[in-house]
Amino acid sequence: MHKSTRGRSRVVVALASLAIAATALPATPASAADLAAIRARVTTLQQEATSVAEQAQQAQVEMNRLQSKLNSLQGQTSAQQANLKKVQTTMGAIAREQYMNLGLGAGVQLMFSTDPKLYLNQAGTLEMLTTKKATNVRKLTVAKQRLQASSLVVNDQLAQLKAAHKRYVAAQALATKKLAEAKSLLSKLSKAEQARIAAAQAAQDASENSYSRAQIAKLKIGSSRGAQALRFATKQIGDRYVFGASGMVYWDCSGLTMRAFGSAGVSLPHSAAYQYSFGKYIPRSSLRPGDLVFFGRPISHVGIFLGGNLMVDAPHAGSRVRVESFSSHFGRLPYV
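Quick summary incoming for the structure in this document.

About the criteria used
Within each chain, residues carry numbers counting from 1 in the order of the written sequence. The model is predicted, so local features are restricted to residues of pLDDT at least 70 and side-chain atom pairs to those at 80 or more, both for listing and for counting; the totals for chains, interfaces and linings are taken over all residues. Processing note: side-chain calculations cover all non-hydrogen atoms of the structure and skip hydrogens and water entirely. Nonpolar cores were defined as sets of buried Ala, Val, Leu, Ile, Met, Phe, Trp, Tyr and Cys residues, with membership established by side-chain atoms within 4.5 Å. To sort residues, take the accessible area from a 1.4 Å probe on protein chains only and compare it with the maximum for the residue type: under 20% means buried, over 50% means exposed, and anything in between is partly exposed. Only DSSP runs of H or I covering at least 4 residues are called helices, and only runs of E covering at least 2 are called strands; the numbering of each starts at the N terminus. Note on contacts: a residue pair is in contact if any heavy atoms of the two residues lie within 4.5 Å. A 1.4 Å probe that fits but cannot get out identifies a cavity on a 1 Å grid over protein atoms alone, an open set with protein on both sides within 12 Å along at least five of seven lines counts as a pocket, and a residue lines either if it has an atom within 4 Å of a point. Grid points are joined across faces, edges and corners, and a volume is the space filled by probe spheres set on the points. Each residue receives one of three labels: charged for Asp, Glu, Lys and Arg, nonpolar for Ala, Val, Leu, Ile, Met, Phe, Trp, Tyr, Cys and Pro, and polar for the others, Gly being one of them. Expected span of a helix: the number of residues minus one, times 1.5 Å. Two strands are said to pair when DSSP picks up at least two bridges between them. Axis definition: a line fitted to C-alpha atoms, limited for helices to the stretch in contact. Angles are taken between N-to-C directions and run from 0 to 180 degrees. A carboxyl oxygen of Asp or Glu within 4 Å of a side-chain nitrogen of Lys or Arg is what we treat as a salt bridge. A pair of Phe, Tyr and Trp rings is counted when the ring centres sit within 6.5 Å of each other, with Trp represented by its six-membered ring. The angle between the planes then sorts it: under 30 degrees is stacked, over 60 is edge-to-face, the rest tilted. Charge-over-ring contacts are defined here by two conditions on Lys NZ or Arg CZ: a distance within 6 Å of the ring centre and an angle within 35 degrees of the ring normal.

1. Side note on the nonpolar core
- Judged by nonpolar contacts, the single largest core of 37 residues is most densely connected at Ile304, Val312, Val321 and Val323.
- Taken together, the elements giving at least two residues each to this core come down to helix H2 (32-102), helix H4 (116-187), helix H6 (225-234), helix H7 (253-262), strand S4 (301-307) and strand S5 (310-313).
- Per-element tally for this core: the top contributor is H2, with nine residues.
- Setting aside residues no more than four positions away along its own chain, Val321 makes contact with Ala233, Gln236, Ile237, Gly238, Asp239, Trp251, Leu256, Val312, Asp313, Ala314 and Pro315.

Below is the structure:
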């Protein structure tokens, strides 16, 4: 898929830098409740950053789509400009030919001609040239209209591309800001307190990994495309989340689903919002293992339905690919 941009690199670096940094000791050691609250706040910020970052990913896919369309349109415009020039050259050649063969007053000369053969020859030549001229006048008019229409579409695509880039930059900046806030919270803790939070996170990761593998062991995965995608996704359990990543070590939510369905021969874009527009809508009561499930308004998360009340996904910054509960909400994001 798409290579990292400079903006995305900053987010990835910020994600990686959430590894706890050592700074000066606070005046009073934090209690277990304080550390739990700080950890909860960090997780919330990571979730919010991830949601915004997925919107940046959507803008990135949109920019690529618009750029591809713009390149095609610009190619068409160049061809139309060449065609217009060709028609104009032909028109000039016809005018010169008419002048050389019949003179400027050809019609008047024919009216007073006393030589029947000359009259017929010149009349035939004049009619042929007039027909060619009329045909090329129509071609010229059509070429001009097409070029004008294409130019308007190109300008419109350029405006859309600029708007998509603006959304991308804004989302990147907001995601980076939230990650920086999370990092700042952690940096104010002592080394011992940071180590306690890191240990708690490691214990949670181990517990989630064990739970995920136990749930997968119970599965009877079929052979449909959705089942093939699900099988691929379950093999990534325990891999770390990194925004913009699509394997094979790091993943974001839409990167995981994109590669999972790619393994089943289904091409999807690297964006939860764009993936939502593929396939068809399935009522929640009719979901089957392998179906995609989406969250957020605007859509900013996607997972793969596992069956029952479970799904497999790459949740958010600071987490790992896992099996988790599937319900009417994913964190603060509503199921859509």
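2. Structural notes on the layout of surface pockets
- Size it by volume and the largest pocket reaches roughly 700 Å³.
- What lines the largest pocket is a set of 24 residues, and nearest its centre among them are Gly279, Lys280, Ile282, Asp291 and Leu292.
- Per-element accounting of the lining of the largest pocket gives the leading share, three residues, to strand S3 (residues 292-295).
- The class makeup of the residues in the lining of the largest pocket is 14 nonpolar, six polar and four charged.

3. Structural notes on helix H5 (residues 191-217)
- Relative to the 39 Å expected for 27 residues at 1.5 Å per residue, H5 spans 39 Å between its end C-alpha atoms, a close match to the ideal helical length.
- The set of residues buried in H5 consists of Glu193, Gln194, Ile197, Asp205, Glu208, Ser212, Gln215 and Ile216.

4. Examining the sheet that holds strand S6 (residues 322-325)
- Taken in spatial order, the four strands line up as S3-S4-S5-S6 in an open sheet, and their pairing is antiparallel. What marks the edges here is a single partner per strand, and that holds for S3 and S6. Along the sheet, successive strands turn relative to each other by an average axial angle of 40 degrees, direction set aside.
- Judged from the four bridges that link them, S5 and S6 form a sheet pairing that is antiparallel. Looking at S6, one finds that Val312 is bridged to Val323.
- Of the strands in this sheet, S4 and S5 are in contact with H6, which crosses S4 at around 105 degrees.

5. As for the pattern of salt bridges
- A complete count under the given rule lists seven salt bridges for this structure.
- Glu181 is paired through a salt bridge with Arg41; the nearest N and O atoms lie 3.2 Å apart. Here Glu181 is found in helix H4, whereas its partner Arg41 is found in helix H2, with 140 residues between them in sequence.
- Here the salt bridges share partners, and the residues they tie into one network are Glu48, Lys178 and Arg332.

6. Details of the pairing of S3
- In the sheet, S3 pairs with S4 via four bridges, with the strands oriented antiparallel. Note that in S4 the partner of Phe294 across the bridge is Val302.
- Between S3 and S4, which pair antiparallel and follow one another directly, the connecting turn spans five residues, one of which, Gly296, has a positive phi of 100 degrees.

7. Focus on the pairing of S5
- The side-chain alternation of S5 yields two buried faces, one formed by Leu310 and Val312 and the other by Met311 and Asp313.
- For S4 and S5, the ladder comprises three bridges, and the chain directions are antiparallel. Within the sheet, the bridge partner assigned to Ile304 lies in S5 and is Val312.
- Hairpin geometry of S4 and S5 is characterised by an intervening segment of two residues between the two adjacent antiparallel strands and by a positive phi of about 65 degrees at Gly308.

8. Some details on the packing of aromatic side chains
- Summed over the entire model, instances satisfying the criterion amount to seven aromatic pairs.
- Ring centres of Phe295 and Phe326 lie 6.1 Å apart, and the angle between their planes is 75 degrees; this geometry places the pair in the edge-to-face category. With Phe295 in strand S3 and Phe326 in the loop between S6 and strand S7 (329-330), the pair connects residues that are 31 residues apart, well separated along the chain.
- Residue classification places Phe295 among the buried positions, given a relative accessible area of 0%.
- Here Phe305 and Phe326 contribute two aromatic rings whose centre-to-centre distance is 5.5 Å and whose plane-to-plane angle is 70 degrees, an arrangement assigned as edge-to-face. In this pair, Phe305 is assigned in strand S4 and Phe326 in the loop between S6 and S7, connecting sequence segments 21 residues apart. Note on accessibility: Phe305 and Phe326 belong to one class, buried.
- Connected via pairs of aromatic rings, a cluster forms that spans Phe295, Phe305, Phe326, Phe330 and Tyr335.
- For Arg284, the ring lying beneath its charged end belongs to Tyr335, and the centroid distance is 5.4 Å.

9. A word on unusual backbone geometry
- In the segment running from Gly247 into Met248, the intervening peptide bond is cis, with an omega of 5 degrees.
- Positionally, Met248 belongs in the loop between strand S1 (240-241) and strand S2 (250-251).

10. Considerations on H6
- Burial runs high along H6: seven of the ten residues are buried.
- Among all positions of H6, only Gly226, Ala227, Ala229, Leu230, Phe232, Ala233 and Thr234 are buried.
- Contacts from the buried residues of H6 go to H5, S2, H7, S4 and S5.

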